[in-house]
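Structural features, examined
Spelled out from the first residue to the last, the chains are:
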Amino acid sequence: MPRNVVVLLDNSDGRSMIKEACKENGMHFAEFEELVQAEVEQTGKQRRAGLWDSFDDILDRIQVDDK
């Protein structure tokens, strides 16, 4: 299932809102998209082996600034 099923990612206004929220929270938009894609791929499925590893790999790359 493609990530465009997530309506906010399927239009420019929604993408802009998400990009701004990511920026405010110190997260790269590309990493957010990866997390959404990983979740969308699991829609309707039982927990697949490796799903949490995918999340962990993406989240490990995110540098969160201490505020």
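Preceding this section is the structure that the text describes.
So, here's what we can say about the structure. Quick caveat: nothing in here was measured; it's all calculated off a predicted structure.

Basis of the calculations
Residues numbered from 1 in each chain as written. Predicted model: local features only at pLDDT ≥ 70, side-chain atom pairs only at ≥ 80, totals over all residues. Heavy atoms only, no water. Salt bridge = Lys/Arg side-chain N within 4 Å of Asp/Glu carboxyl O. Helix = DSSP H or I, 4+ residues; strand = E, 2+ residues; numbered from the N terminus. Buried < 20%, exposed > 50% of the residue type's maximum accessible area, 1.4 Å probe, protein only. Expected span 1.5 Å × (residues − 1). Arc of directions from axis to C-beta. Contact = heavy atoms within 4.5 Å. Polar contact = N/O pair within 3.5 Å; in protein donor to acceptor, adjacent residues only side chain to side chain. Lys, Arg positive; Asp, Glu negative; His and termini not counted.

Looking at the pattern of salt bridges
Throughout the structure, instances matching the rule amount to two salt bridges. For Glu33, the salt bridge goes to Arg15, with nearest N and O atoms at 3.1 Å. Remark: Arg15 occurs in helix H1 (residues 12-24) and Glu33 occurs in helix H2 (residues 29-41); sequence separation between them is 18 residues. The exposure class assigned to Glu33 is buried, which follows from its relative accessible area of 14%. The exposure class assigned to Arg15 is partly exposed, which follows from its relative accessible area of 23%. Here Glu34 ties to Arg61 by a salt bridge, and the two come within 2.5 Å at their closest N and O atoms. Highlighted residues: Glu34 in helix H2 and Arg61 in helix H3 (residues 51-61), separated in sequence by 27 residues. Judged by relative accessible area, which is 41%, Arg61 ranks as partly exposed.

Here's the deal with H1
Its 13 residues give H1 an end-to-end C-alpha distance of 18 Å, which sits within 8% of 18 Å, the value for a rise of 1.5 Å per residue. Along H1, the positions that sit buried rather than exposed are Gly14, Ile18 and Cys22. In an axial view of H1, the angular spread of the buried residues amounts to 70 degrees, which keeps them on one side of the axis. Opposite its buried face, H1 presents the exposed residues Ser12, Asp13, Met17 and Lys23, each directed more than 90 degrees away. Tucked into the core, H1 has its buried residues touching H2. At the N-terminal boundary of H1, the capping side chain belongs to Asn11, with an oxygen 3.2 Å from the backbone nitrogen of Asp13. Looking at the residues trailing H1, positive phi occurs at Gly26, about 70 degrees.

Quick word on the side chain of Glu31
Considering the arrangement of structural elements, one finds Glu31 in helix H2. Buried and unpaired, Glu31 has Arg61 as its nearest opposite-charge partner, separated by 4.4 Å. Non-local contacts of Glu31, meaning those with residues more than four positions away in its chain, are made with Ile58, Arg61 and Ile62.

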